[in-house]
Amino acid sequence: MITRAPGGADPADGAPHSAGGQGAQRPFFRSRWVPAPAHVRELEPGSGLPGGFRASGVACGMKPSGRRDLGLLVCDAPDAASAARFTSSSAAAAPVQLTRERCRLNALRAVLANSGCANAATGSRGLDDAAKTQGGAALAAGMPEAQVALASTGSISDELPVAAMLKGILEATEALSPDGDGAFAEAIQTTDAFEKRVHLEVQLPAGSARISAQCKGAGMISPRFATMLCFVQTDAQLEAETAELLLGVCVARSFDRITVDGQLSTNDTAILMCSGASGIRVAPESEEELRLGEALDALLRQLAILIVADGEGAGRIARVVARGGSAQLIEPAARAVANSPLVKAALHGGDPNWGRIAQAVGGALPGEEPLALEFSIEGIRVCSAGAAVPYDAAALRDAVQRDEVEFEIGLAGSGAETEVFFSDLSPGYVAVNAEYTT
């Protein structure tokens, strides 16, 4: 979400294209950093939602393009289990505040999501407007308001067009369908260049279960977790405590690990809903829990990387891995590299200037004693004990031309390790964010 003047240009005016581009559909698990689990099979885009779920997407006029901007997702199971995560921003948007404070986060059965208006920095008016749309969705879906989560994305400070949304809710309710996830996914996109949606079949010891997900995110991306909305559905039968555990662990390894511009959003929301329609029970500490958790972990990590790859003009992405004696050292070091405009500009240009990495780490860990730093780029060691070492310059230049580039940082000591995924800094990113209000 980027602040813009009301009525300004909508980056989503152009139709988001498929993640696969033209031609054959690309596999969902396509990053070398996220191998597909052996017990997970990707299904076709038109496979529909897991049992017990319906979705839709309609246009309410929040996007100047006239494209879909209101999505409704409903779980028909009365005893559904769920879990949710939200932004840690102290300026959290009205839908985040209302959902976090008034909803039964362990028993959510519907999501009302909109794009084109973040309903953030709107004060008590924003909370009242959010409550009205929640009430409308609850009435239309036939469930208590406490089971309807809200999610918004778009421009900060704009007020919700409540009357148009209430009308849209009725249209969305009539359009609900087991294969409506494509329309729902479109309705939550803003500056996204491509769709982030997937259907998976997970083979568990007790039988097969389905998982699907719809996600959006491209700019204002920073850990804790990113400007993103993500909704995951499964027909496996989970207790709420199990859903909470799995989502928490997997978000920590995915959306908590990405950055595009180091900016923390006001609206971040991730929700997992479990219908139990498959009859496959996932008991705590069972083999089913382990395998479903592996599938969810891979799914969210790949979605997180797709967000980074879609980073408003991004052309190349990277992973920085930091190892050392304590999290207090390696975490700021890794994030300093991932958020450095110098490192990100070099990544964009395919420039093997690793001195910028040294500068970023040194700035994040100030002190009078020189650090015994170790650096490698794509496995090519360039620095040891804080000093340059001989390396194949031609091989390094070739390595940094790849679509995915890995940096490794070593600090004194052992036992701690972290990672951050990030995108380059391109003229496209500057153009999108410099011209957003004009």
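Right above here is the structure, for reference.
Criteria and thresholds
- Residues numbered from 1 in each chain as written.
- Predicted model: local features only at pLDDT ≥ 70, side-chain atom pairs only at ≥ 80, totals over all residues.
- Heavy atoms only, no water.
- Pairing = 2+ DSSP bridges.
- Helix = DSSP H or I, 4+ residues; strand = E, 2+ residues; numbered from the N terminus.
- Axes fitted to C-alpha atoms, helices over the stretch in contact; angles between N-to-C directions.
- Contact = heavy atoms within 4.5 Å.
- Buried < 20%, exposed > 50% of the residue type's maximum accessible area, 1.4 Å probe, protein only.
- Salt bridge = Lys/Arg side-chain N within 4 Å of Asp/Glu carboxyl O.

Novice: Looking at this model, I keep getting lost on the sheet that holds strand β3 (residues 70-75). Mind explaining?
Specialist: Sheet strands pair by backbone hydrogen bonding; their relative direction is either parallel or antiparallel. One open sheet holds the four strands; their spatial order is β2-β3-β5-β6, and the pairing between them is mixed. Only two strands of the sheet have a single partner each, and these edge strands are β2 (53-58) and β6 (148-153). Each strand axis lies, on average, 10 degrees off the axis of its neighbour in the sheet, ignoring direction. As defined by bridge partners, β3 adjoins strand β5 (residues 110-115) across five bridges and the pair is classed as antiparallel. From the neighbouring strand, Gly71 faces β5, where its bridge partner is Ala113. Seen against the sheet, helix α2 (residues 123-141) touches β3, β5 and β6 and runs at an angle of roughly 130 degrees to β6.

Novice: Is there a simple way to think about the environment of Leu247 in this case?
Specialist: Take Leu247: it is sitting in helix α5 (residues 240-252). Its relative accessible area of 2% is what places Leu247 among the buried residues. The spacing of Leu247 and Pro161 is 86 residues in sequence and 32 Å in space, taken between C-alpha atoms. Apart from residues lying up to four places away in sequence, Leu247 is in contact with Ala83, Ala84, Arg85, Ala270, Leu272, Leu296 and Leu300.

Novice: For this particular structure, what's the right way to read the pattern of salt bridges?
Specialist: Pairing between side chains becomes possible if they bear opposite charge and their charged atoms approach one another. One pass over the structure, following the stated rule, counts 25 salt bridges. In this structure, Asp181 and Arg197 form a salt bridge, with 2.7 Å as the shortest nitrogen-oxygen distance. Of this pair, Asp181 sits in helix α4 (residues 181-187) while Arg197 sits in strand β7 (residues 196-204); the two residues are 16 residues apart in sequence, bridging distant segments of the chain. Of the two residues, Asp181 and Arg197, neither departs from the other in class, the shared state being buried. Between Arg253 and Asp297 there is a salt bridge whose closest N-O contact spans 2.8 Å. Of the two residues, Arg253 sits in the loop between α5 and β11 (258-259) while Asp297 sits in helix α6 (residues 287-309), which places them 44 residues apart along the sequence.

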